[in-house]
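# Survey of secondary and tertiary structure
As a plain string of letters, each chain reads:
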Amino acid sequence: MSFRIDVAGLGNALVDALVLLPEDGVLSQLGLNRGTMHPVDHSAWESAYATVKELGVEIQSGGSCANSIAVLGLLGAETTFCGQVGDDEFGRLYASRLVEACGRHSLHVADQGNTGKCLSLISRDAERTLMTDLGAAIALPHIGEFEATIRQSRVLHVTGYLFLGGPMRDAAMSALKTAKAAGVPISLDVADPFVIGMVKDLMWEVVRDYADIVFLNQEEAFALTGKHAAEALAEVAQHVPTTIVKLGARGSLVSHEGESFEVPVYPVDAVDTTGAGDCYAAGYLYGWTQGWTPAKSGELGSRIAALTVGQIGAVVRDRDQLMQAVAETLA
């Protein structure tokens, strides 16, 4: 088969509005609980955004899957991302950020509704407090022409957030079925313990029946299996050729076709932990598309995750830094 795309991603398209707080008083002012995610509607989001805008805001394309796809594009992989934005300024900005990273996008523009967005308030100790308005992101009615893109890709990457319900769940299942029928491997980032708590049976169905690569952190691994990291890895690996459990400051565990590897962490002074797991997935998938060993793919994931934690924002946009991480991994 002739491939046009290395990694095709389907996810919730959420603009990331990143604000570095000089002190945490604004959290109390906004009535927010530090370190938690607060679902809000469009008007509440706009009100909070107006309050913190004067502190300086960095706008990027966000959402877990889109973060991974953007980093893959910046690494030089052929990638595209399918999601839905609104017909508004944030939606146009989102598309432009994807083009900067990947050279293309596969976005749908909703007839109604605003672009989904996440206000990420970053405390001085790197803790994040989030306000999220999902907006049009979760209302994608179908994948449309993206179906043909999936068939021409080396791998389809999706995240667990898609399976929470609504039109996006149906679109996601359609994408999985398209990939499986075409023999395209499927990569799943489980995404969040909260998601597992809501749709655990469906998550297991996706893992068992569709996934070829599964990414979890240790909390997600426990939520899915009721077991701690190594035992959880072994259980998921019974169903999936490649399973990765990320252990934060202790690195990660990789299981591939019966063999297990420990991947070290690359220490860095934490500035913002946003997107570390997304960037790990990007590094691993880049190595996978290049035919690297699982251990080398995990090492690149760990290196890029460290770069992410050492900056503001979920996507490492410095191509020189990314190429250096690739070179150091291959050295």
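The text that follows walks through the structure, step by step, so that each part is easy to find. (Residues numbered from 1 in each chain as written. Predicted model: local features only at pLDDT ≥ 70, side-chain atom pairs only at ≥ 80, totals over all residues. Heavy atoms only, no water.)

### Describing the nonpolar core
Core analysis: the largest hydrophobic core is formed by 57 residues, its most contacted members being Phe81, Tyr94, Leu119 and Ile304. Among the elements that take part in this core, helix α3 (residues 64–75) stands out by supplying eight residues, more than any other. In this structure, Ile143, Ala175, Leu233 and Val245 belong to the second largest nonpolar core, which totals 45 residues. (Core = buried A, V, L, I, M, F, W, Y, C linked by side-chain atoms within 4.5 Å. Buried < 20%, exposed > 50% of the residue type's maximum accessible area, 1.4 Å probe, protein only. Helix = DSSP H or I, 4+ residues; strand = E, 2+ residues; numbered from the N terminus.)

### A few points about the packing of helix α10 (residues 276–289) against helix α11 (residues 294–309)
With their axes 7 Å apart at the nearest point, α10 and α11 run at an angle of 145 degrees to one another. Seen along the crossing, α10 lies across α11 with a hand that is right-handed. Between α10 and α11, the residues in contact are Ala276, Cys279, Tyr280, Gly283, Tyr284, Tyr286, Gly287 and Trp288 and Pro294, Ser297, Gly298, Leu300, Gly301, Ser302, Ile304, Ala305, Thr308 and Val309, respectively. When its residues are assigned to classes, the contact of α10 with α11 shows eleven nonpolar, seven polar and no charged. (Axes fitted to C-alpha atoms, helices over the stretch in contact; angles between N-to-C directions. Left-handed = near helix turned anticlockwise from the far one by under 90°. Contact = heavy atoms within 4.5 Å. Nonpolar A, V, L, I, M, F, W, Y, C, P; charged D, E, K, R; others polar.)

### Here we look at the packing of helix α8 (residues 218–225) against helix α9 (residues 229–237)
Where α8 meets α9, the axes come as close as 9 Å, and the angle between the chain directions of the two elements is 60 degrees. Relative to α9, the element α8 lies oblique. Seen from above, α8 lies across α9 with left-handed handedness. Of the residues in α9, those touching α8 at Ala221, Leu224 and Thr225 are Ala232, Glu235 and Val236. When its residues are assigned to classes, the contact of α8 with α9 shows four nonpolar, one polar and one charged. (Parallel < 35°, antiparallel > 145°, perpendicular 65-115°, else oblique.)

### Focus: the layout of surface pockets
For the second largest pocket, the calculated volume is near 150 Å³. At the level of elements, α11 and α12 (319–330) are the ones that each hand at least two residues to the lining of the second largest pocket. It is α12 that provides the largest number of residues to the lining of the second largest pocket, a total of four residues. Here the lining of the second largest pocket is composed, by residue class, of six nonpolar, two polar and two charged. (1 Å grid on protein atoms, 1.4 Å probe; cavity = no way out; pocket = protein on both sides within 12 Å on 5 of 7 lines; lining within 4 Å. Points joined across faces, edges and corners; volume = space filled by probe spheres on them.)

### Focus on the state of the cysteines
Under the criterion given, the structure shown has zero disulfides. Sulfur of cysteine 102: no disulfide; nearest cysteine sulfur belongs to cysteine 65 and is 10 Å away. (Disulfide = S-S within 2.5 Å.)

### With respect to the sheet that holds strand β10 (residues 153–159)
Sheet strands line up and pair through hydrogen bonds in the backbone, either parallel or antiparallel. Strand order in the open sheet made by the eight strands is β5-β1-β10-β11-β12-β13-β14-β15, with mixed pairing throughout. With partners counted over all chains shown, the strands left at the sheet margins are β5 (79–82) and β15 (259–263), one partner each. Mean inter-strand twist for the sheet, computed between neighbouring axes without regard to direction, equals 15 degrees. Judged from the five bridges that link them, strand β12 (residues 213–217) and strand β13 (residues 242–246) form a sheet pairing that is parallel. Pairing of valine 214 across the sheet is with threonine 243, part of β13. Sheet strands touched by α10: β1 (5–10), β10, β11 (186–189), β12, β13, β14 (252–256) and β15. Its angle to β12, the strand with the most contacts, is close to 155 degrees. (Pairing = 2+ DSSP bridges.)

### Here we look at helix α7 (residues 193–209)
With 17 residues, α7 extends only 20 Å from end C-alpha to end C-alpha; this falls clearly short of the ideal 24 Å at 1.5 Å per step. Along α7, the largest kink reaches about 100 degrees and is centred on valine 199. Where α7 is buried, its residues contact α6 (166–182), β11, β12, α8 and α9. A side-chain oxygen of the first residue of α7 lies 2.7 Å from the backbone nitrogen of phenylalanine 194; this N-cap is aspartate 192. (Expected span 1.5 Å × (residues − 1). Bend = angle between axes of the 7 residues up to and from the residue. Polar contact = N/O pair within 3.5 Å; in protein donor to acceptor, adjacent residues only side chain to side chain.)

### Examining the pattern of salt bridges
As enumerated under the stated definition, the model contains 13 salt bridges in all. Linked through salt bridges whose partners overlap, the residues forming this network are Lys296, Glu299, Arg303 and Glu328. (Salt bridge = Lys/Arg side-chain N within 4 Å of Asp/Glu carboxyl O.)

### Things to note about α12
Counted at 1.5 Å a residue, the expected span for α12 with its twelve residues is 16 Å, and the 17 Å between its end C-alpha atoms agrees. For α12, the complete set of buried residues consists of Leu322, Ala325, Val326 and Thr329. The arc that holds the buried residues of α12, viewed along the axis, is 100 degrees, so those residues lie on one side. Tucked into the core, α12 has its buried residues touching α3, α10 and α11. Where α12 begins, one side-chain oxygen reaches toward the backbone nitrogen of aspartate 320, 3.0 Å away; that side chain belongs to aspartate 318. (Arc of directions from axis to C-beta.)

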